[in-house]
Amino acid sequence: MDFVSIRVITSDVARLVEFYERATGARATWATDDFAELRTAGATLAIAGTRTVPLFAPGSARPADNHSVITEFLVDDVDRVHRDLTGFVTDFVTGPTTMPWGNRSLLLRDPDGNLVNFFTPVTPAAIEKFAR
């Protein structure tokens, strides 16, 4: 089995795609007006509109209602990402902070309030864990 993507449901696909394109530097591939994907080397972030939810099960997902999932992106320099996103991101939860497990992390919220973590491994163990 391969983990391939996480899908975020939103009431404004274009707004959320624009945010993630700017925040990550990845370009979205659009399948329809209600579905786009941002592909990275490790996984894909799918962004879908509320009109797609009934295709699975009506009412099974609600936009802007996440309180438990953090979408994470490995970056080369989290401090640079913070500088680049300052003035664009309106809700930084935590500025760049070195975590006990060895990653320097930047936690923010996307326009729908979903938590997003950009991180850079900084300790030898963390660097080794994420070596490519």
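Residues numbered from 1 in each chain as written. Predicted model: local features only at pLDDT ≥ 70, side-chain atom pairs only at ≥ 80, totals over all residues. Heavy atoms only, no water.

As annotated in an unreviewed UniProt entry, the chain carries the name VOC family protein and is attributed to Nonomuraea rhodomycinica.

Compared with the 16 Å implied by 1.5 Å per residue over 12 residues, the 16 Å span of helix α1 (residues 13–24) between its first and last C-alpha is a close match. Turning to α1, its buried residues are Val13, Leu16, Val17, Phe19, Tyr20, Glu21 and Ala23. Positioned one or two residues after α1, Gly25 has a phi angle of 80°, which is positive. (Helix = DSSP H or I, 4+ residues; strand = E, 2+ residues; numbered from the N terminus. Expected span 1.5 Å × (residues − 1). Buried < 20%, exposed > 50% of the residue type's maximum accessible area, 1.4 Å probe, protein only.)

Computed from the structure, the largest pocket encloses a volume of approximately 780 Å³. If you go around the largest pocket, you meet 31 residues; those closest to its centre are Thr40, Glu72, Phe73, Leu74 and Arg132. Those elements giving two or more residues to the lining of the largest pocket turn out to be α1, β4 (44–49), β5 (70–74), α3 (78–85) and β8 (115–121). Among the elements that make up the lining of the largest pocket, the one with the highest residue count is β5 (five residues). Of the residues contributing to the lining of the largest pocket, the split by class is 18 nonpolar, seven polar and six charged. Among the domains, domain 1 (1–57) and domain 2 (69–131) are the pair contributing at least three residues each to the lining of the largest pocket. As for the second largest pocket, its lining consists of 16 residues, of which Arg7, Val8, Ile9, Asn66 and Asn114 are closest to the centre. Sort the elements by how many residues they give to the lining of the second largest pocket and strand β1 (residues 5–10) lands first, with four residues. A class-by-class count of the residues in the lining of the second largest pocket yields eight nonpolar, five polar and three charged. (1 Å grid on protein atoms, 1.4 Å probe; cavity = no way out; pocket = protein on both sides within 12 Å on 5 of 7 lines; lining within 4 Å. Points joined across faces, edges and corners; volume = space filled by probe spheres on them. Nonpolar A, V, L, I, M, F, W, Y, C, P; charged D, E, K, R; others polar. Domains from an automatic or database assignment.)

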